[in-house]
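Descriptive analysis of the structure
So you can see what is in the structure, the chains are spelled out below.
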Amino acid sequence: MARIENISFMTALAAYLVSAALYFVYIAVKKAWASKAAYLVMAAGFLSHSVSIAVRGIIAQRLPLTNQYEFATAFAWGITLCFLFFVKRFKFDALGAFVAPVIFLIIGYASMQSREIHNLMPALKSNWLGFHVSMAIIAYGAFGVAFGVAMAFLLKDKVHGKIAETIPDEKTLDLIIYRAVALGFLFLTLCMVTGAIWANNAWGSYWNWDPKETWSLITWIIYAVFLHLRIRKGMTGKKAALFAALGFICVIFTYIGVNTLLSGLHSYK
Amino acid sequence: MSENAQKEKNKDNTNGMLKKIFNFLKGMPFSFILLGIISFACIMGSVIPQGQSIAYYMDSYGARKGNLIIAFSLDDVFRCWWFIALAGLLCFNLILCSISRIKSVIAAWKRTRRIGIWGSWLTHLGILFLIVSFALSQYTSSEDEIYGIPGSSQPLGDTGLQIAIDSFDVWMRDDYTVDQYVAGLTVSNEKGEKQRGESSVNYPFRAFGYSFYQNSMGWANYLDIYKDGELVKTDLLCAGEYSYPDDFPALVIMFSKFYPDFAEKEDGSFYTVTPLLKKPRSLYGIFYNGNLMSMDIVKPGELISVHDYGFVLRDPVQYTLIVAKTDPYAWTVLVAASVLIAGLVLSFYIRPWEENRRKDNGEN
């Protein structure tokens, strides 16, 4: 079983790398076969990735969402899921050139973590774990897509020729950023709410100002301001793209920075 | 200009100024300023260790930065007055914003009958409720700690409740990792009514309006104090606690740490090989007038002699720490969170969906 997990994980890692390369080929030559191949390889990688996570869950006999490796691989899985959906929904093939490298970097980070399976500490033995972390995975996945689109937006002016032709107009990019952030914001809120309910069950307090909670709140505030400015003040264009990028930097810090640099209730190192 | 005209002009100016202030207080720029400061405070609160002693900040950050941390309460950001004031101002902003928008939301609802119209308004209301209910929960809840060994019983503050610790078990796996901590409790009230149950991590025991959380555990030792070979006192000491002969309080013994399966590393430091009681040893310190006189490791039952006095640490036993909490308004947090989620779903998904449908149907 461990061998299956290992092979499927490495297959996913390789598939995401190949997919990223094919997406680069696509934006360079603008050939439809390249984007189709890239999408298929990405989808195959996603399937293999799903197998790897499922097998790990079977081996561990629990949800594999409890340490740096497990959450990193689930994080990459969440971005891939959102990416596959958004590419089809908005017919933006070149998006892969901006999101696939992010997916590869995150799964690459996962591959550098210890993959040893540990037993759950009592604090993590709760049905709320699945709800809480899966909400985070979708939220982070959607924010990852928003980040990729924001990068496409910011680079659009700086590239010419076929690369520029593969990137949709600014209005479409702007709409995708908004839709991805809105999805991520809803799920981040659900993540925080389910986490609060869990915390109340475990420690008798909804909110403990643990660094992870605090940085989730900061991330939430950044995206809340983004959505306010977008909806109420019509903020679009470069500012919106920069905001989405800033939000994702905060997401990355909340996940990696807080777990490694700050100690607290969530630092299950 | 006549005096009346001047008064009228002054009144208009004052009204204009008040209106400007009101508009600012209910407006988005004000909320962004508040959220910006709150975010900055949150960063400070997560980077600077909270709740440490003044000496800690002086040592860690130097006198200048340490003084700044203390002066601005950055050592206790989330409980300090200015952070609470910021949250209060944010609530004020949300109240004004919600009140000023309600008319237009109702008008839009009457005009269109589209439920999504309520999304943004409900989202703001949800955030407001969440802050208020969290504050309510913080200020009305009460919390107390009890700790003891199986067979012990103690009152829960002045609540009239008596908590008996019937049992305490640590469920271990084969690799000695902890699967669960389980405390068997009996809670009785002043009328003599009793409720029995188990409290484990994530699964608190609820009785008489209180929740009992399995919070922590540790090792305790019985301590016998002898004078001239005669037993004069017996105490139960948890790790970190101390005791002294009643007739000679300047002489103190502190039970510092317990090693159930003692071993020593090459560098001289101590550790426990397994959590099982295989080779139990206790680390203790003897103090005289507050000064450490000696520190050593002893087996259970081994005599520690200090002049006319003798100390014996014996019969190590695990104790459990239970946190008892009552929070009559905890449910309001859930209601507020539900309002917030409903508002977000309406804002982002119901409304666009209806708009798309209207567009598809060729409606305006």
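None of these values were measured; they are calculated from a predicted model.

It is worth spelling out the domain arrangement of chain B at this point. Domain parsing of chain B yields domain 1 (1-80), domain 2 (142-218) and domain 3 (219-319). If you average the C-alpha positions of domain 1 of chain B and of domain 2 of chain B, the two centres end up 43 Å apart.

Glancing now at the side chain of Asp224(B). Residues and elements named next belong to chain B. Relative to the elements of secondary structure, Asp 224 occurs in strand β7 (residues 210-227). Here Asp 224 falls in the buried class, since its relative accessible area comes to 5%. Polar contacts involving the side chain of Asp 224 include one to the side chain of Arg 314, which spans 2.6 Å. In contact with Asp 224, not counting residues within four places along its chain, are Leu 231, Lys 233, Thr 234, Gly 310, Phe 311, Val 312 and Arg 314.

Let us now look at the interface of chain B and chain A. With 42 residues of chain B in contact, the opposing surface of chain A contributes 43 residues. Of the roughly 3,600 Å² buried at the junction of chain B and chain A (both faces included), carbon and sulfur atoms supply 67%. Considering only the surface of chain B that becomes buried against chain A, Met28(B), Asn202(B) and Phe348(B) emerge as the three largest contributors, covering 17% of it. Between chain B and chain A we count one salt bridge in total.

On to the sheet that holds strand β4 (residues 178-188) of chain B. In a beta sheet, neighbouring strands are held together by backbone hydrogen bonds and run either parallel or antiparallel to one another. Residue and element names in this part refer to chain B. The sheet built from four strands is open, its strands ordered β2-β3-β4-β5 with antiparallel pairing. Every interior strand has two partners, whereas the edge strands, β2 (153-155) and β5 (194-200), have only one. Each neighbouring strand pair of the sheet contributes to a mean axis angle of 25°, computed without reference to strand direction. Pairing between β2 and strand β3 (residues 162-172): three bridges, direction antiparallel. Of the residues in β3, the one forming a bridge with Ser 153 is Ala 164.

Judged by side-chain polarity, Met1(A), Ile4(A), Val51(A), Ile58(A), Ile59(A) and Ile117(A) come together as a nonpolar surface patch covering roughly 490 Å² of accessible area. Counting residues per element, the nonpolar patch draws most heavily on helix α2 (residues 32-60) of chain A, which supplies three residues.

Now for a positive patch on the surface. Residues and elements named next belong to chain A. Together, Lys 36, Lys 88, Arg 89 and Lys 91 line one region of the surface with positive charge. The topology assignment puts Lys 36 in helix α2. Classification of Lys 36 by relative accessible area gives exposed; the value is 57%.

The full count for this structure, using the stated rule, is 38 aromatic pairs over all chains. On the basis of an interplanar angle of 75° and a centroid distance of 5.7 Å, the ring pair of Tyr259(B) and Phe262(B) is categorised as edge-to-face. Within the aromatic cluster, the residues linked to one another by ring pairs are Phe71(A), Phe75(A), Tyr109(A), Tyr140(A), Phe147(A), Phe248(A) and Tyr255(A). Stacked on the ring of Tyr271(B), the Lys or Arg Lys265(B) has its end atom at 5.6 Å from the ring centre.

Criteria and thresholds
- Residues numbered from 1 in each chain as written.
- Chains lettered and ligands numbered in written order.
- Predicted model: local features only at pLDDT ≥ 70, side-chain atom pairs only at ≥ 80, totals over all residues.
- Heavy atoms only, no water.
- Domains from an automatic or database assignment.
- Helix = DSSP H or I, 4+ residues; strand = E, 2+ residues; numbered from the N terminus.
- Buried < 20%, exposed > 50% of the residue type's maximum accessible area, 1.4 Å probe, protein only.
- Polar contact = N/O pair within 3.5 Å; in protein donor to acceptor, adjacent residues only side chain to side chain.
- Contact = heavy atoms within 4.5 Å.
- Buried area = accessible area lost by both parts, 1.4 Å probe.
- Salt bridge = Lys/Arg side-chain N within 4 Å of Asp/Glu carboxyl O.
- Pairing = 2+ DSSP bridges.
- Axes fitted to C-alpha atoms, helices over the stretch in contact; angles between N-to-C directions.
- Patch = residues over 30% accessible without salt bridge, like charges linked within 9 Å, V, L, I, M, F, W, Y side chains within 5 Å.
- Areas by Shrake-Rupley, 256 points an atom, 1.4 Å probe, with all protein chains shown as cover.
- Lys, Arg positive; Asp, Glu negative; His and termini not counted.
- Charge placed at Lys NZ, Arg CZ, Asp CG, Glu CD.
- Phe/Tyr/Trp six-rings, centres within 6.5 Å; stacked < 30°, edge-to-face > 60°.
- Lys NZ or Arg CZ within 6 Å of the ring centre and 35° of its normal.

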